[in-house]
Amino acid sequence: MKVQAQICMVLNLDKCIGCHTCSVTCKNVWTSRRGMEYAWFNNVETKPGVGYPKSWEDQEKYRGGWVVKNGRAVLRHGGRAAVMSKLFSNPSQPQVNDYYEPFTFDYERLKESLRTRTAPSARPYSLVTGRLMDTVKDGPNWEDNLAGPFAKRRADPDLRGMDTAGFEAFEASFMYYLPRLCEHCLHPACAASCPSGAIYKRAEDGIVLINQDKCRGWRQCISACPYKKIYFNPARSKSEKCVFCYPRLESGEPTLCAESCVGRIRYMGVVLFDASRIDEYACADEKELYEKQLSLILDPNDAEVIRAAREQGVADSFLEAAKKSPVYKMMKDWKIAFPLHPEYRTMPMVWYVPPLSPLGGQDIPGDFFAKLDQMRIPVRYMARLLTAGDEKPIRRALMKLMALRAYMRSKTVEGCEAPAVPPELGLSTRQYEDMYRYLAIADYEDRFVIPTAPAVHEQTDLFSLRAGLGFEDEEGCRTLFGGR
Ligand code: SF4
Ligand code: SF4
């Protein structure tokens, strides 16, 4: 057992109101520079839809993540030889049209205009060419609140093979918001694909970073990341990505997207995991990937885990934080949070609580679990997003969320002092009370349990703690080419 600590995030999709505050705070701080106009380290998509960049989930097109060959996980876009052959021309790279041509408006004209017969207008101009644009045809959030024709949004890869005929009707349509950021994966394809060995995963907290001095702008990481969460900055010829607001985390504060979240949907905390099993579990059967990833996460109260963690240098502040971790509760205790597209095999560490949705059709009296299949958002669709198509864990999680509502309704509306809870879901009354406290009330101290980085106390050089792929071995950091 090799115990490591990871700071991770859970987002409760049931509560996201699609306000985009998270995206805007992130943009103001991290990507308001020249060359990064189109970069949204955090963006919020409306599902179903093709997302940003367009069809990022289509790995046939972009060839991101890992596949299993001869019992080993290999990058989908190819090994060392393939990466080298694509250095100067990479057909699976997203193009500017897959994002959008960044633009702004001629605001000066509005402010400086002399008196005219007609009101002055602010025309858009391109931030790439500096020329006036006839019209804006695309943007980072073009499908907001189901904007645009369903015919376009139908290209959502998660809808493949589903009968979507009914979804166009107003009464049957459904939507939810999906905020996205770098997943700070346990098995990051970006790091493995970098010919310069510039991408590393910090051993002490699992944050994936790009060493800007080492980055040579080959952009292989952009192809390899299946979530398309690395952006190329043409003004600097470097790739850039979400840094999980590490200067804030090091001083015990949550990321800006989490701190500013209006819906209080984001939770951050530490989990301990067994790094020695990552290579093996990344090759598991597709339908088992969620369970395998879940089993990597260790019980922070287990004496054996604590002993091994201490031996391997996990700081006491991280061990204490892991015991109070809100994300651990949602992932492991209650099993209501899931990784985004585990089938990409990068082992993402930003997880999601699936949303409940209004019931369609006739209401079924009595057994409310039967209502699951009446929900507007098809369980099959959520399972494709969060459990590689396995519907069972999603069903159980949705049932728990429904049972929680019924429990609280009995208590607060109907005045029942001790409502019964469904035994088949395996949660106690106490756990429903806890779930309510975390999911509905969501106090700051409950949502964010972040230890101060040991580096802050000990003035350690964080760069010296870096680890390629997160596991420092005797030879030092592993990169695709075995270098440091
Ligand atoms: S999502 Fe995973 S693969 Fe993509 S940039 Fe982040 S760590 Fe790398
Ligand atoms: S700030 Fe929170 S509620 Fe608003 S869009 Fe972002 S994640 Fe959703």
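Within an unreviewed UniProt entry, the label attached to the protein reads Nitrate reductase subunit beta, and the organism entered is Mesosutterella porci. What UniProt states about the protein under its Subcellular location (unreviewed entry) heading is, verbatim, "Cell envelope".

Scanning the protein for helices and strands turns up 19 helices and 16 strands. For the protein, the spread of C-alpha atoms along the principal axes amounts to about 70 × 65 × 45 Å. Relative to all contacts within the protein whose residues are 6 or more apart in sequence, the contacts with residues 24 or more apart total 71%. Of the roughly 21,600 Å² that the protein leaves accessible, carbon and sulfur atoms contribute 51%.

All residues adjacent to ligand 1 are C182, E183, H184, C185, P188, A189, C190, V208, C225, Y227, I230 and K241. Within the shell around ligand 1, the residues separate by chemical class into 9 nonpolar, 1 polar and 2 charged.

For the coordinates displayed, the defined rule picks out 28 salt bridges. A salt bridge links D138 to K54; the nearest nitrogen and oxygen atoms lie 2.6 Å apart. Separated by 84 residues along the polypeptide, D138 in the loop between β6 (124–126) and α5 (150–153) and K54 in the loop between β2 (43–47) and α2 (59–62) bring together distant segments of the chain. Bridged by salt links that share partners, the residues K47, E57, D156 and D158 form one connected network.

Around ligand 2, the surrounding shell holds 14 residues, and the nearest of these are C16, C19, H20, C22 and C261. By residue class, the composition of the shell around ligand 2 is 9 nonpolar, 4 polar and 1 charged.

The subject of this paragraph is the environment of E414. Counting through the fold element by element, E414 comes out in the loop between α16 (391–412) and α17 (429–441). The spacing of E414 and R266 is 148 residues in sequence and 30 Å in space, taken between C-alpha atoms.

Take the environment of S113 next. Inspection of the secondary structure assignment puts S113 in the loop between α4 (107–112) and β6. For S113, a relative accessible area of 28% puts it in the partly exposed group.

Our next topic: the pairing of strand β3 (residues 66–69). Relative to strand β4 (residues 72–75), β3 is paired through 4 bridges, and the arrangement is antiparallel. Bridged to K69 within β4 is R72. The loop that links β3 with its antiparallel partner β4 comprises 2 residues; one of these, N70, has a positive phi angle of about 50 degrees.

Ordered by their spatial adjacency, 5 strands build an open sheet running β13-β12-β1-β15-β14, and the pairing between neighbours is mixed. Each having just a single partner strand, β13 (297–298) and β14 (338–339) make up the two edges of the open sheet. Here 4 bridges tie strand β1 (residues 3–12) to strand β15 (residues 350–353), and the two strands are oriented parallel to one another. When the sheet's bridge partners are listed, M9 is paired in β15 with V350. Sheet strands touched by helix α14 (residues 326–333): β1, β12 (266–274), β13 and β15. Its angle to β12, the strand with the most contacts, is close to 65 degrees.

Relative to the helices and strands, H187 is located in the loop between β7 (176–180) and α6 (189–193). A distance of 2.8 Å separates the side chain of H187 from the backbone oxygen of R345, its partner in a polar contact. Excluding its chain neighbours within four sequence positions, the residues that come into contact with H187 are W66, A73, I278, D279, A282, R345, T346 and M347.

For the rest of this paragraph, the subject is the packing of aromatic side chains. Applying the stated criterion across every chain yields a total of 19 aromatic pairs. Of the aromatic side chains, those joined through ring pairs into one cluster are Y38, F41, Y52, Y99, Y100, F103, F105, Y107 and Y231.

Here the focus is the confidence of the model for the protein. Per-residue pLDDT for the protein has a mean of 90; in total, 92% of the residues score no lower than 70. Across residues 456–484 the pLDDT falls below 50, and counting only partners more than four positions away or on other chains, this stretch makes 62 contacts in the model.

Moving on: unusual backbone geometry. Cis peptide bonds are those with omega within 30 degrees of zero, and the linkage from K47 to P48 qualifies with 0 degrees. Structurally, the position occupied by P48 is in the loop between β2 and α2. Cis peptide bonds are those with omega within 30 degrees of zero, and the linkage from Y52 to P53 qualifies with -10 degrees. Its place among the elements puts P53 in the loop between β2 and α2. Although it is not a glycine, C245 sits at a positive phi angle of roughly 45 degrees. By the element assignment, C245 lies in the loop between β11 (238–241) and α8 (246–250).

How each quantity is defined
Residues numbered from 1 in each chain as written. Chains lettered and ligands numbered in written order. Predicted model: local features only at pLDDT ≥ 70, side-chain atom pairs only at ≥ 80, totals over all residues. Heavy atoms only, no water. UniProt positions renumbered as here; feature names shortened; annotations may be inferred. Helix = DSSP H or I, 4+ residues; strand = E, 2+ residues; numbered from the N terminus. Contact = heavy atoms within 4.5 Å. Areas by Shrake-Rupley, 256 points an atom, 1.4 Å probe, with all protein chains shown as cover. Near = heavy atom within 4 Å. Nonpolar A, V, L, I, M, F, W, Y, C, P; charged D, E, K, R; others polar. Salt bridge = Lys/Arg side-chain N within 4 Å of Asp/Glu carboxyl O. Buried < 20%, exposed > 50% of the residue type's maximum accessible area, 1.4 Å probe, protein only. Pairing = 2+ DSSP bridges. Axes fitted to C-alpha atoms, helices over the stretch in contact; angles between N-to-C directions. Polar contact = N/O pair within 3.5 Å; in protein donor to acceptor, adjacent residues only side chain to side chain. Phe/Tyr/Trp six-rings, centres within 6.5 Å; stacked < 30°, edge-to-face > 60°. pLDDT = per-residue confidence, 0-100.

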